[in-house]
Amino acid sequence: MPIRPWTAALGAASLALALAGCAQPMTQAPSQGAAIACVTPLQPALELNLYFGRGKPGGGEVSDAEWAAFLSEIVTPHFPAGLSVFDLRGQHRDPAGRIVGEATKLLTVVVFDAPGHRAKVATIVAAYNSRFGQHGVFRVEQPVCAGG
């Protein structure tokens, strides 16, 4: 049986959550100045996960072409060193209190310039909200050891 893209993404997300449970506890994130111990050649970094809901308030959803344009015009100039995008299906509570399911884009970026990333992320989120009438982008940040 072929593996569907969402199955692979779900498996990767599950693995990441499982591995996160094995991490050493930290009292302060790297973006706040504390260093984490990484094995060479890995370096302390910050993993950013931004969840972009694709549902539009007036109906319909952000199309693949609209997303591709947003990615190339707004996101890539801020993080040209690399990023990953996953297609997901998620749900959230909207401002009116309703549970809403929608297609979602998960953008993952690993940065070594924390807290320099904050202004970049704020610009990306503001542009997405403005361009597509969204009310927010869910954001997760976690310290990691990375390198390649």
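Reference entry: report on the structure contained in this document. Given the structure is predicted, the values throughout are model-derived calculations rather than measurements.

This paragraph deals with the pattern of salt bridges. Following the criterion strictly, the structure yields 8 salt bridges and no others. The closest approach of N and O atoms between D87 and R54, which form a salt bridge, is 3.9 Å. Residue D87 is located in strand β2 (residues 84-93), and its partner R54 is located in the loop between β1 (43-53) and α2 (64-78); the two are separated by 33 residues in the primary sequence. The salt bridge partner of R98 is D94, with a shortest N-O separation of 2.8 Å. When its relative accessible area of 53% is taken as the criterion, R98 is described as exposed. Taken together, the shared-partner salt bridges connect R54, D64, D87 and K105 into one network.

The next thing to look at is helix α3 (residues 117-132). Between its terminal C-alpha atoms α3 stretches 23 Å, which fits the 22 Å expected from 16 residues at 1.5 Å a residue. Against the buried residues of α3 lie β1, α2, β3 (99-111) and β4 (138-146). G133, located one to two residues past α3, shows a positive phi value of around 65°.

This brings us to the sheet that holds β3. Across the sheet, which stays open at both edges, the 4 strands sit in the order β2-β3-β1-β4 with antiparallel pairing between neighbours. What marks the edges here is a single partner per strand, and that holds for β2 and β4. Neighbour-to-neighbour, the strand axes of the sheet open up by a mean angle of 30°, direction not taken into account. Looking at chain direction, β2 and β3 are connected through 10 bridges and run antiparallel. Of the residues in β3, the one forming a bridge with V85 is L107. Against the sheet, α2 engages β1, β2 and β3, with an angle of about 30° to β3.

Cut-off values and rules
- Residues numbered from 1 in each chain as written.
- Predicted model: local features only at pLDDT ≥ 70, side-chain atom pairs only at ≥ 80, totals over all residues.
- Heavy atoms only, no water.
- Salt bridge = Lys/Arg side-chain N within 4 Å of Asp/Glu carboxyl O.
- Helix = DSSP H or I, 4+ residues; strand = E, 2+ residues; numbered from the N terminus.
- Buried < 20%, exposed > 50% of the residue type's maximum accessible area, 1.4 Å probe, protein only.
- Expected span 1.5 Å × (residues − 1).
- Contact = heavy atoms within 4.5 Å.
- Pairing = 2+ DSSP bridges.
- Axes fitted to C-alpha atoms, helices over the stretch in contact; angles between N-to-C directions.

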